[in-house]
Amino acid sequence: MNIKHGDMLYLSYKTYDEQGVDAPGGTKDSNVSSVSAPVGDNAETKRAWEAVKEDPVDVFWRSKDGKISRQRDTKFCKHGDKGMCDYCMPLEPYDAGYHKEHAIKHLSFHAHLRKLQPSQGSTVGASSSTANLPPLQPESYQVKVPCPTASHPPFPKGICTSCQPAAITLQPQPFRMVDHVEFASKQVVDRFIDGWRKAGVQRYGFLIGRYEPYTEVPMGIKAVVEAIHEPMQQGEVDGLTVALPWEDEKRISELGSWCYHDTDMQKAGRGNVQVIGQIFTDLTPRPDDRSKLVYKRHAQSFFMSGLEATFAAKMQAEHPTSTKSSRTGEYGSRFVTVIVTGTEEGSIDMQSFQVSEQAVAMVQADMVVPSREPQTVIVRKETEGRYIPEVFYRSKNQYGIEVKESAKPTFPVDFLLVNITHGFPLRPSPLFRSSDPFPIENRLGIENQSSEVLISRLSQLGASSVAPSPLDNSFSSRQAREKLARWFSDWHLLAYWSQVGFLGPEDIKQIARIATSPNLEEPSILDPLLEREGWQTLMAIVSESGPSKPSGPGPARPIDNDGFEEIPPELLDEMGMDVDQTSGGGSRPRSRLDTSAGGPPGGSATKICPHCTFENSASAVDCDVCGLPLV
């Protein structure tokens, strides 16, 4: 074979099905045939990551090279305008120098993938046998059951080095799944904080929005918050209780999928409306000044408590990210956590976080629990049915030397956190644009949602008289349709439609598309809804339930002595006029400066001062207030 020492051999194999021959012994293996690919033209079995449907923002960044372009350096570049050198050539999205120069602490998720995977078409990628395999594998600190070697009974009856998790060294996560949290408008946050302002108890809500590309970070992703949906909860002064699991999540996710989303938005990397995170308040007024807040979250105390970190890990585990870069089809989570708290000046600010993949894996393995000290987390003790591997973390000792320390029994919660920037857009363009906000859900005693409120608002807007554009396209009709469409553009109203039961799913789909349409001024935007039977039935209810108008003229007012309608006494009192009751009946205005009327039948009982209008006794000569003569 002419094989000598040092030669490399490449082996490949084909299964019996691919060769079209029988298995050894003359018969095909029944187990192999039972899991073979489905019969059909070009039918093949897809692996887990190949069948994944990614978010549009992932599809967007996979279609880009992600390189950071640079301008020609006038000091170092010696070539022409069309040339390129080391000083002006584009940088990779994971370039450490660029991130340090622009104070970017973490790599974006797709920049991290580009760092792990070789470039497509390169020599390394072509020669590597694992070039087409996903580079990510979800963290797991649980004992493998059954053991891959099958050499002993399953845990807890047996354990070996093949099935037990390795020792864990906690370290800051170099990348983050979301780089920025953007609130579509300030009103979204203000309305949420109003719940604390009015009730004085902490509030919790789910962030409703979408994921979009974030160009301030190489291949970055931002979570755009369009609304905050508040679930059932019991608020306290120093905490709250939330009903979990959230039973309405499926309904809310379905509503988000009905919102307006076209191909142009998908090509731009803008995903569907969905649940993208959580937000809660931690606000405490100062005892000496109730107008300012206590500054409790800072570097000398904590940014996120152990209880909040473990809770965030559980929520992230329930909302994994689908990606083709993981062998299981899922990796990490883009579920963000926003905390509304006080600043050093006593005002209100927000902090945005995620927890690391190590934190999620440790919570899933039931390894850690919160501590009484908010800045630490406790590592559980090992029991018969719970295996706890060794956990270490690196820190600097009193001499400034970095050392590895055991995380048992406690370790700082900061090792589990991934901080995220947040802010508001310079040019707000919110998805929901209603200027007449509908009451927020689950705010008993603060704001109440009811069918009476809904019907009353529809009646005030004159919804029952709004006609489709083919029937009436006048200016006033277009204004009425636009006003109604803008009122629809409210998340809390959209979420209430599917609860009240007036309309069916197809009617609510139309309302969702109208509420999130980019062009509410379109004359025909309401036409598909106005023609639906469910909407017409609701308008009949609105017409019957609206305020009744008088069918004819009301009762005539009494006529005074001068032949004019009598002015109501309460109106005269508001105008600062006295009422003159005459023997002929009726009420007529009388000036308070008039001294000739208003007294008893026998004569004037008082004298009105012509200078200050004070009423003096009948026998007075000079005014008791100003001292001037009453003549």
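Residues numbered from 1 in each chain as written. Predicted model: local features only at pLDDT ≥ 70, side-chain atom pairs only at ≥ 80, totals over all residues. Heavy atoms only, no water.

J.: Just to check I follow, could you spell out the overall build of the protein chain for this structure?
T.: When helices and strands are tallied, the protein chain shows 18 helices and 23 strands. Taking all 631 residues of the protein chain together, 40% fall into the buried category. The long-range share in the protein chain, meaning contacts at least 24 apart out of those at least 6 apart in sequence, stands at 63%. Here the protein chain displays about 36700 Å² of accessible surface, and carbon together with sulfur accounts for 51% of that area. (Helix = DSSP H or I, 4+ residues; strand = E, 2+ residues; numbered from the N terminus. Buried < 20%, exposed > 50% of the residue type's maximum accessible area, 1.4 Å probe, protein only. Contact = heavy atoms within 4.5 Å. Areas by Shrake-Rupley, 256 points an atom, 1.4 Å probe, with all protein chains shown as cover.)

J.: Where do I start with the side chain of Ser-185 in this structure?
T.: Of note, Ser-185 is situated in the loop between β4 (180-183) and α7 (186-199). Overall, Ser-185 belongs to the buried group, its relative accessible area being 10%. Setting aside chain neighbours within four positions, we find Ser-185 in contact with Phe-424 and Pro-430.

J.: When you look at the pattern of salt bridges in this model, what are you seeing that I'm missing?
T.: Once their charged atoms are close, side chains differing in charge can pair, the charge on each being opposite to the other. Enumeration according to the criterion identifies 26 salt bridges in this entry. Among the ionic pairs, Glu-50 bridges to Arg-47, the shortest N-O distance being 2.8 Å. Residue Glu-50 is classed as partly exposed on the basis of its relative accessible area of 32%. If you follow the salt bridges from partner to partner, you end up with Arg-191, Lys-198, Arg-203, Glu-230, Arg-443 and Glu-447 in one network. (Salt bridge = Lys/Arg side-chain N within 4 Å of Asp/Glu carboxyl O.)

J.: Mind showing me how you'd approach the sheet that holds strand β16 (residues 391-396) here?
T.: Hydrogen bonding along the main chain pairs the strands of a sheet, whether they run parallel or antiparallel. Read across the open sheet, the three strands follow the order β2-β16-β17; overall the sheet is mixed. Looking along the sheet, the strands with just one partner apiece sit at the ends: β2 (168-170) and β17 (402-406). Between one strand axis and the next, the sheet turns through 30° on average, direction left out of account. (Pairing = 2+ DSSP bridges. Axes fitted to C-alpha atoms, helices over the stretch in contact; angles between N-to-C directions.)

J.: For this particular structure, what's the right way to read the packing of aromatic side chains?
T.: Any two aromatic rings considered together are summarised by their centre-to-centre distance and by the angle between their planes. Under the counting rule described, the total for this entry stands at 15 aromatic pairs. Here Tyr-204 and Phe-311 contribute two aromatic rings whose centre-to-centre distance is 6.4 Å and whose plane-to-plane angle is 65°, an arrangement assigned as edge-to-face. Of this pair, Tyr-204 sits in strand β5 (residues 204-214) while Phe-311 sits in helix α10 (residues 306-318), placing them 107 residues apart in sequence. By relative accessible area, Phe-311 is classed as partly exposed at 26%. Three or more aromatic residues joined by ring pairs form one cluster here, namely Tyr-204, Phe-206, Trp-246 and Phe-311. Directly above the aromatic system of Tyr-211 lies the positively charged group of Arg-334, at a separation of 6.0 Å from the ring centroid. (Phe/Tyr/Trp six-rings, centres within 6.5 Å; stacked < 30°, edge-to-face > 60°. Lys NZ or Arg CZ within 6 Å of the ring centre and 35° of its normal.)

J.: How do you make sense of the nonpolar core when you look at a structure like this?
T.: Counting residues in each nonpolar core, the largest one holds 78 residues, and the members touching the most others are Phe-411, Leu-458, Leu-484, Phe-488, Trp-497 and Trp-535. Per-element tally for this core: the top contributor is helix α14 (residues 491-500), with six residues. Dropping the residues within four chain positions of it, Leu-484 is found in contact with Leu-458, Leu-461, Ala-463, Val-466, Leu-526 and Trp-535. One finds Phe-183, Val-188, Ile-193 and Met-219 within the second-largest nonpolar core, a separate group that totals 27 residues. (Core = buried A, V, L, I, M, F, W, Y, C linked by side-chain atoms within 4.5 Å.)

J.: How should I be thinking about helix α13 (residues 475-488) in this particular structure?
T.: An α-helical segment advances 3.6 residues per turn. Residues three or four places apart therefore align on the same side. An ideal rise of 1.5 Å per residue puts 20 Å on 14 residues; α13 measures up with 20 Å between its terminal C-alpha atoms. Contact partners of the buried residues in α13: α12 (451-460), α14, α15 (505-515), α16 (527-530) and α17 (533-545). (Expected span 1.5 Å × (residues − 1).)

J.: Explain the sheet that holds strand β6 (residues 220-229) here, please?
T.: Strand order in the closed barrel formed by seven strands is β4-β6-β5-β9-β12-β13-β19, with mixed pairing between adjacent strands. Each strand of the sheet is rotated relative to its neighbour by a mean of 35°, with strand direction disregarded. Sheet topology note: the β4/β6 ladder contains four bridges and is parallel. Counterpart to His-180 in the pairing with β6 is Lys-222.

J.: Looking at this model, I keep getting lost on the environment of Phe-175. Mind explaining?
T.: Among the structural elements, Phe-175 can be located in strand β3 (residues 175-176). Linking Phe-175 and Ala-111, residues 64 residues apart in sequence, is a C-alpha distance of 8.4 Å. Apart from the residues within four sequence positions on either side, Phe-175 is in contact with His-106, Leu-107, Ser-108, Phe-109, His-112, Tyr-331, Glu-357 and Val-418.

J.: Looking at this structure, how should I read the packing of α10 against helix α11 (residues 357-364)?
T.: Working note: a packed helix pair is described by the angle between its axes plus the distance between those axes. In contact at an axis separation of 9 Å, α10 and α11 are set at 90° when each is read in the N-to-C sense. Between α10 and α11, the angle is such that the two are roughly perpendicular. Contacts between α10 and α11 involve Thr-310, Ala-313, Lys-314, Gln-316 and Ala-317 from the former and Ala-359, Val-360, Val-363 and Gln-364 from the latter. A breakdown of the residues in the contact of α10 with α11 according to their chemical character gives five nonpolar, three polar and one charged. (Parallel < 35°, antiparallel > 145°, perpendicular 65-115°, else oblique. Nonpolar A, V, L, I, M, F, W, Y, C, P; charged D, E, K, R; others polar.)

J.: Whenever I open this one, the side chain of Glu-441 confuses me. Can you help?
T.: As for its placement among the helices and strands, Glu-441 is situated in the loop between β19 (417-423) and α12. In terms of polar contacts, Glu-441 uses its side chain to reach the side chain of His-492, at 2.9 Å. With residues up to four places along the chain from it excluded, the contact list for Glu-441 reads Ile-228, His-229, Glu-230, Gln-449 and His-492. (Polar contact = N/O pair within 3.5 Å; in protein donor to acceptor, adjacent residues only side chain to side chain.)

J.: Help me out: how do you make sense of the confidence of the model for the protein chain in this one?
T.: Any region with low pLDDT has predicted coordinates that should not be read closely. Averaged over every residue, the pLDDT of the protein chain is 85; residues scoring 70 or more account for 83%. Within the model, pLDDT remains below 50 along residues 23-43, and this stretch shows 14 contacts once partners closer than five positions in the same chain are excluded. Every residue in residues 591-603 scores below 50 in pLDDT, and together they form twelve contacts with partners more than four places removed in sequence or on other chains. (pLDDT = per-residue confidence, 0-100.)

J.: Even after reading the chapter, I still don't get the packing of α12 against α17, so can you show me in this structure?
T.: At a closest axis distance of 9 Å, the pairing of α12 and α17 adopts a crossing angle of 85°. It follows from the interaxial angle that α12 and α17 lie roughly perpendicular. Contact residues: α12 offers Ile-455, Leu-458 and Ser-459, while α17 offers Trp-535, Leu-538, Met-539, Ile-541, Val-542 and Ser-545. For the contact of α12 with α17, a count of residues per class yields seven nonpolar, two polar and no charged.

J.: What's the story with the pairing of β5 in this structure? I'm lost.
T.: Along any regular strand the residues' side chains alternate between the sheet's two faces. Judged by how many residues are buried, β5 sits mostly within the fold: eleven of eleven residues are covered. Taken together, the nine bridges between β5 and β6 define a ladder with antiparallel strand orientation. Bridging from a neighbouring strand, Pro-213 pairs with Ile-221 of β6. Once β5 ends, the chain turns through five residues before running back antiparallel as β6, passing Met-219 with a positive phi of about 55°.

J.: What is the right way to look at the pairing of β4 in this model?
T.: Taking every second residue as pointing to the same face, both faces of β4 are buried, with His-180 and Glu-182 on one and Val-181 and Phe-183 on the other. Here three bridges tie β4 to β19, and the two strands are oriented parallel to one another. Bridge pairing in β19 places Val-181 opposite His-422.

J.: Help me understand unusual backbone geometry in this model?
T.: The residue after Phe-155, namely Pro-156, is reached through a cis peptide bond having omega 15°. Along the chain, Pro-156 falls in the loop between α6 (123-127) and β2. The amide bond that connects Lys-408 to the next residue, Pro-409, takes the cis arrangement and shows omega of 5°. Mapped onto the secondary structure, Pro-409 falls in the loop between β17 and β18 (410-412). With a phi angle near 55°, Met-219 is a residue other than glycine that sits in the positive phi range. With respect to the helices and strands, the residue Met-219 is situated in the loop between β5 and β6. One non-glycine residue, Asp-366, lies in positive phi territory at about 60°.

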